[in-house]
Amino acid sequence: MPQQKDIVKIAIQMPGAYPQLIQLDQKKPLSAVIKEVCDGWNLPGPENYALQYTDGVQMYITESNRLDIKNGCILRLTKAPGRCAEDLYKGIQSSDAGVRCDSLKELAGVSTDMTFAQEFISRNGHLLLVKIVEDSTESNVIMTHTLKGFMELMYHGIVSWENLSTVFIKKIAGFVNAKPTDASIQQVSLDILENMVLSSQSLFLQVKQEVTLERLIAHLQVYVEMFAFLNKKNLRQYIYKNIIHSSGSVQDEMAHHLYVLQSVTLNLQELRMRTPLDCYSQEQRDTLHSLRQAAFETESENSLSHERRRSLCAKEFKKLGFSNNSNPGQDLVRTPPGLLALDSMFYFATRYPDAYSRFVLENSSREDKHECPFARSSIQLTLILCEILRIGEPPSETGSDYHPIFFSQDRLMDELFCICIQLLNKTWKEMRATQEDFDKVMQVVREQITRTLSSKPTSLELFKNKVNALNYSEILKLRQTERLHQEETLAPPVLELKERLKPELLELIRQQRLNRLCQGTMFRKISSRRRQDKLWYCRLSPNHKMLHYGDVEEDMDNPPIETLQEKIPVADIKGLLTGKDCPHMKENKGKQNKEVLDLAFSITLNFCLWTDGLSVLLGREMSSETMRSELEILLSMEIKLRLLDLENVPIPESAPVVPKPPSNYNFCYDFSQTEQ
């Protein structure tokens with residue numbers, strides 16, 4: 001009887017037949033498994049069949065890689081590698097050009113698999129491809145498929161590059177040197193020559209003789225001109241509209257082409273993104289100072305002394321939101337975003353000077369710790385936009401996620417920055433954020449941008465309207481809706497586990513509340529006539545039967561319970577009233593100001609702890625929002641811990657030893673510069 005871990009539940013497909021759901025015994029020979037599958041479909045000759053993945057890299061399943069099969073995998077029953085190699089070998093030699101073309105095209109696809117490549121090369125199939133290149137009598141389409149198939153076969157390293165003939169090398173070099181030729185042939189020919197050059201010194205010398213430096217420079221020039229050409233908005237619009245017009249919609253293949261066009265064009269900014277600011281560059285220093293001068297109207301700096309001018313600059317750079325205000329260039333050393341952040345800030349300041357001045361002056365004049373730092377926010381926002389637009393990442397072979405807005409807007413990155421930096425300031429105010437909330441604000445802004453771009457806006461104006469409508473309260477509503485939906489879609493066992501854990505965690509919160517009451521809290525006395533500065537302290541006795549309270553001095557943090565002379569037996573407490581329901585607040589109705597009313601029981605952490613704790617003492621349910629939030633956090637953490645796959649993971653019975661403190665703290669960040 002096979003062990004459970006040796007059994008994998010999978011589905012097997014075959015065109016024109018219903019899928020088979022089987023339990024794959026990993027200890028059974030693969031040939032026996034294939035025979036059972038063939039018997040299920042009444043197929044003769046199981047030796048002519050093999051299993052293959054249907055998703056991702058569609059590799060053949062072999063005895064060496066079968067252990068990679070996971071539960072739920074979908075496999076395909078297909079021709080065995082040997083049979084496939086034999087059929088393609090014959091098809092390539094067919095007298096029918098159409099059959100040859102189809103065979104070579106299929107070969108270029110299946111040659112990525114090592115098992116097939118070994119079978120095809122064992123039949124000297126690669127030499128057949130070499131002969132086609134050497135004869136050079138086929139059409140450009142067939143030649144392209146031939147070269148691609150050859151390149152895929154050579155990638156596996158089964159055959160050495162040094163075994164290639166001089167005639168073959170000359171032909172490949174000829175494709176590169178020829179001016180009027182198919183671009184696809186030139187591209188794959190350049191790939192082949194590159195691998196030749198890297199494989200050995202002798203091949204490098206041969207290629208050097210055949211391919212002139214002038215032709216390589218010409219190829220490079222073509223690519224440079226192509227990148228510059230792609231960056232023109234009118235050309236992008238023309239390509240996009242013609243694709244839509246010709247097909248009525250963007251099909252998968254066309255979507256991939258648009259994605260590649262977008263990716264290649266945006267990646268033109270990668271160099272700026274990966275280049276740090278050079279503190280010795282006068283041009284870059286001038287750009288930094290122009291940002292400062294555009295924001296603040298200052299007296300003529302030429303008449304100031306060096307020290308006075310330096311102090312003024314540092315003060316204004318601090319108002320601009322630079323962390324290192326004495327040397328703001330240090331903020332732009334990190335890459336990414338590097339110089340791209342400086343470019344974005346400068347574009348915003350020069351393209352929209354009123355909006356720029358309003359942003360900076362509005363925040364630099366605030367004195368309530370709610371100022372939004374322009375420079376720090378701009379640097380982080382540029383990094384976020386680079387990540388969302390995948391600037392610096394090469395286009396994938398299967399990507400199709402393009403943004404229609406890209407094809408309607410010149411300088412997309414700069415214009416998006418200008419909209420989003422103003423959005424950031426708006427969101428900062430909506431969240432009433434301080435410097436400590438910086439990361440939280442940036443997460444919300446990232447979510448606002450990502451959600452808006454996912455709706456595929458077709459113009460910058462549409463993006464601007466949508467992203468500004470998606471304010472902070474809307475983001476919270478969406479998060480709540482998605483969280484509830486996620487809970488609804490949880491598997492029944494997870495929901496059952498959640499309900500089982502709830503009583504235990506509620507008891508944990510109850511004990512924490514009672515412990516907090518035993519620790520006690522200091523309150524400020526509010527009289528009916530006027531607000532007093534007197535303080536009183538209240539705490540619960542260790543046996544939870546008596547509330548002790550009494551007047552205390554302001555410098556007394558935690559008075560002993562013996563010093564609190566007044567007592568209230570918990571058994572005598574009949575109810576718990578808060579806010580406007582308090583009798584002393586009703587008596588003073590119309591007399592108290594809002595601050596006093598809030599203090600009757602304002603919604604603070606201490607208030608929630610005490611109302612929850614008193615509710616526990618009275619045998620009632622806790623009802624505060626803080627309790628619900630804490631319960632949700634504890635439930636989420638506990639479920640994640642329970643669902644961890646800890647098989648074969650040793651769990652220590654005791655906590656690890658806390659390491660000794662370091663001998664010095666010189667590694668800590670020095671905040672002194674930001675305070676200058």
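An unreviewed UniProt entry lists the protein under the name Engulfment and cell motility 3, from Stegastes partitus. UniProt, in the comment section headed Function (unreviewed entry), describes the protein in these words: "Involved in cytoskeletal rearrangements required for phagocytosis of apoptotic cells and cell motility. Acts in association with DOCK1 and CRK. Was initially proposed to be required in complex with DOCK1 to activate Rac Rho small GTPases. May enhance the guanine nucleotide exchange factor (GEF) activity of DOCK1."

1. Examining the overall build of the protein
When helices and strands are tallied, the protein shows 27 helices and eight strands. Counting contacts in the protein only where the partners sit at least 6 residues apart, residues at least 24 apart contribute 65% of the total. Surface summary for the protein: the accessible area is close to 40100 Å², and the carbon and sulfur share equals 53%.

2. Some points on unusual backbone geometry
Residue Pro336 follows Thr335 across a cis peptide bond; omega there is -20°. Summarising the element assignment, Pro336 is placed in the loop between helix 15 (306-320) and helix 16 (339-351). Cis geometry marks the peptide bond from Pro336 to Pro337, where omega comes out at 10°. Mapped onto the secondary structure, Pro337 falls in the loop between helix 15 and helix 16. Positive phi is not limited to glycine here, since Asn124 has a value of about 60°. Structurally, Asn124 can be placed in the loop between helix 4 (114-122) and helix 5 (125-135). Exposure remark for Asn124: the relative accessible area of 41% places this residue in the partly exposed category. Non-glycine residue Arg390 carries a positive phi angle of around 60°. Here Arg390 shows up in the loop between helix 18 (374-388) and helix 19 (412-430). For Arg390, a relative accessible area of 46% gives the class partly exposed.

3. What to know about a negative patch on the surface
The grouping of Glu553, Glu554, Asp555 and Asp557 at the surface amounts to a negative patch. Among the secondary structure elements, Glu554 is positioned in the loop between strand 7 (546-552) and strand 8 (566-569). Taking the relative accessible area as the measure of exposure, Glu554 reaches 59% and is therefore exposed.

4. Points about the sheet that holds strand 4 (residues 74-79)
Overall, mixed pairing links the four strands, which are arranged 2-1-4-3 in an open sheet. Only two strands of the sheet have a single neighbouring strand rather than two, namely strand 2 (17-25) and strand 3 (49-53). Each strand axis lies, on average, 35° off the axis of its neighbour in the sheet, ignoring direction. In the packing of helix 1 (residues 30-40) onto the sheet, the strands contacted are strand 1 (7-14), strand 2, strand 3 and strand 4, and the crossing angle to strand 2 comes to about 150°.

5. Brief notes about the nonpolar core
Counting 69 residues, the largest nonpolar core has Leu320, Tyr356, Phe374, Leu381, Ile449 and Phe463 as the members making the most contacts within it. Those residues within four positions of Leu381 in sequence are excluded, and the remaining contacts are Phe417, Cys420, Ile421, Leu424, Met442, Val445 and Ile449. Ala85, Val110, Ile121 and Val159 belong to the second-largest nonpolar core, a separate cluster that totals 44 residues.

6. Description of the environment of Gln118
Tracing the sequence through the fold places Gln118 in helix 4. Taking the C-alpha atoms as reference points, Gln118 and Gly82, separated by 36 residues in sequence, lie 9.0 Å from one another.

7. A short note on helix 18
Between its first and last C-alpha atoms helix 18 spans 21 Å; for 15 residues at 1.5 Å apiece the expected length is 21 Å, and the two agree. Across the 15 residues of helix 18, 12 count as buried, placing the element largely inside the fold. Inspection of helix 18 places Phe374, Ala375, Ser377, Ser378, Ile379, Leu381, Thr382, Leu383, Ile384, Leu385, Cys386 and Ile388 among the buried residues, and these make up the whole buried set. Elements in contact with the buried residues of helix 18: helix 13 (270-273), helix 15, helix 16, helix 17 (353-364), helix 19 and helix 20 (438-454).

8. Points about the pairing of strand 4
Looking at chain direction, strand 1 and strand 4 are connected through three bridges and run parallel. Bridge pairing in strand 4 links Ile12 to Leu75. Pairing between strand 3 and strand 4: five bridges, direction antiparallel. By the bridge assignment for strand 4, Gln52 is matched with Arg76.

9. Brief notes about the side chain of His548
In this fold, His548 is placed in strand 7. When sequence neighbours within four positions are dropped, the list of residues in contact with His548 reads Tyr537, Cys538, Arg539, Ser541, Ile561, Leu564, Glu566 and Lys567.

10. Details of the packing of helix 14 (residues 282-295) against helix 17
Relative orientation of the contacting elements helix 14 and helix 17 amounts to 80°, with a least axis distance of 9 Å. Compared by their axis directions, helix 14 and helix 17 come out roughly perpendicular. Contacts between helix 14 and helix 17 pair Leu291, Arg292, Ala294 and Ala295 from the former with Tyr356, Ser357, Val360 and Leu361 from the latter.

11. Describing the packing of aromatic side chains
Two measures describe an aromatic ring pair: the distance that separates the ring centres and the angle between the ring planes. Taken as a whole, this structure holds 14 aromatic pairs when the rule is applied. Plain terms: the ring middles of Phe150 and Trp161 are 6.1 Å apart, the flat faces sit at 85° to each other, and that makes the pair edge-to-face. Taken together, the positions of Phe150 in helix 6 (residues 140-155) and Trp161 in the loop between helix 6 and helix 7 (166-177) put the pair 11 residues apart, joining distant regions of the chain. This pair shows no difference in class: Phe150 is buried, exactly as Trp161 is. Here the aromatic residues Phe348, Tyr356, Phe359, Phe374 and Phe417 are joined through ring pairs into a cluster of three or more. The side chain of Arg376 reaches across the aromatic face of Phe438, ending 3.8 Å from its centre. In this arrangement the basic side chain of Lys456 is found over the ring face of Tyr402, its NZ or CZ atom lying 5.6 Å from the centre.

12. Regarding the packing of helix 6 against helix 8 (residues 183-199)
Remark: helix 6 packs on helix 8, axes separated minimally by 9 Å, with the N-to-C direction vectors making an angle of 25°. Judged by the angle between their axes, helix 6 and helix 8 are roughly parallel. Considering how the two elements wind past one another, helix 6 and helix 8 form a crossing that is left-handed. Residues Asn140, Met143, Thr144, Leu147, Lys148, Phe150, Met151 and Tyr155 of helix 6 touch helix 8, and the partners they reach there are Ser184, Ile185, Val188, Ser189, Asp191, Ile192 and Asn195. Considered class by class, the residues forming the contact of helix 6 with helix 8 number eight nonpolar, five polar and two charged.

13. Examining a nonpolar patch on the surface
Together, Leu641, Leu644, Leu646, Val649 and Ile651 make up a nonpolar patch on the protein surface, roughly 460 Å² of accessible area in all. Within the secondary structure layout, Val649 lies in the segment after helix 27 (625-642). Residue Val649 is classed as partly exposed on the basis of its relative accessible area, which comes to 40%.

Definitions and cut-offs
Residues numbered from 1 in each chain as written. Predicted model: local features only at pLDDT ≥ 70, side-chain atom pairs only at ≥ 80, totals over all residues. Heavy atoms only, no water. UniProt positions renumbered as here; feature names shortened; annotations may be inferred. Helix = DSSP H or I, 4+ residues; strand = E, 2+ residues; numbered from the N terminus. Contact = heavy atoms within 4.5 Å. Areas by Shrake-Rupley, 256 points an atom, 1.4 Å probe, with all protein chains shown as cover. Buried < 20%, exposed > 50% of the residue type's maximum accessible area, 1.4 Å probe, protein only. Patch = residues over 30% accessible without salt bridge, like charges linked within 9 Å, V, L, I, M, F, W, Y side chains within 5 Å. Salt bridge = Lys/Arg side-chain N within 4 Å of Asp/Glu carboxyl O. Lys, Arg positive; Asp, Glu negative; His and termini not counted. Charge placed at Lys NZ, Arg CZ, Asp CG, Glu CD. Pairing = 2+ DSSP bridges. Axes fitted to C-alpha atoms, helices over the stretch in contact; angles between N-to-C directions. Core = buried A, V, L, I, M, F, W, Y, C linked by side-chain atoms within 4.5 Å. Expected span 1.5 Å × (residues − 1). Parallel < 35°, antiparallel > 145°, perpendicular 65-115°, else oblique. Phe/Tyr/Trp six-rings, centres within 6.5 Å; stacked < 30°, edge-to-face > 60°. Lys NZ or Arg CZ within 6 Å of the ring centre and 35° of its normal. Left-handed = near helix turned anticlockwise from the far one by under 90°. Nonpolar A, V, L, I, M, F, W, Y, C, P; charged D, E, K, R; others polar.

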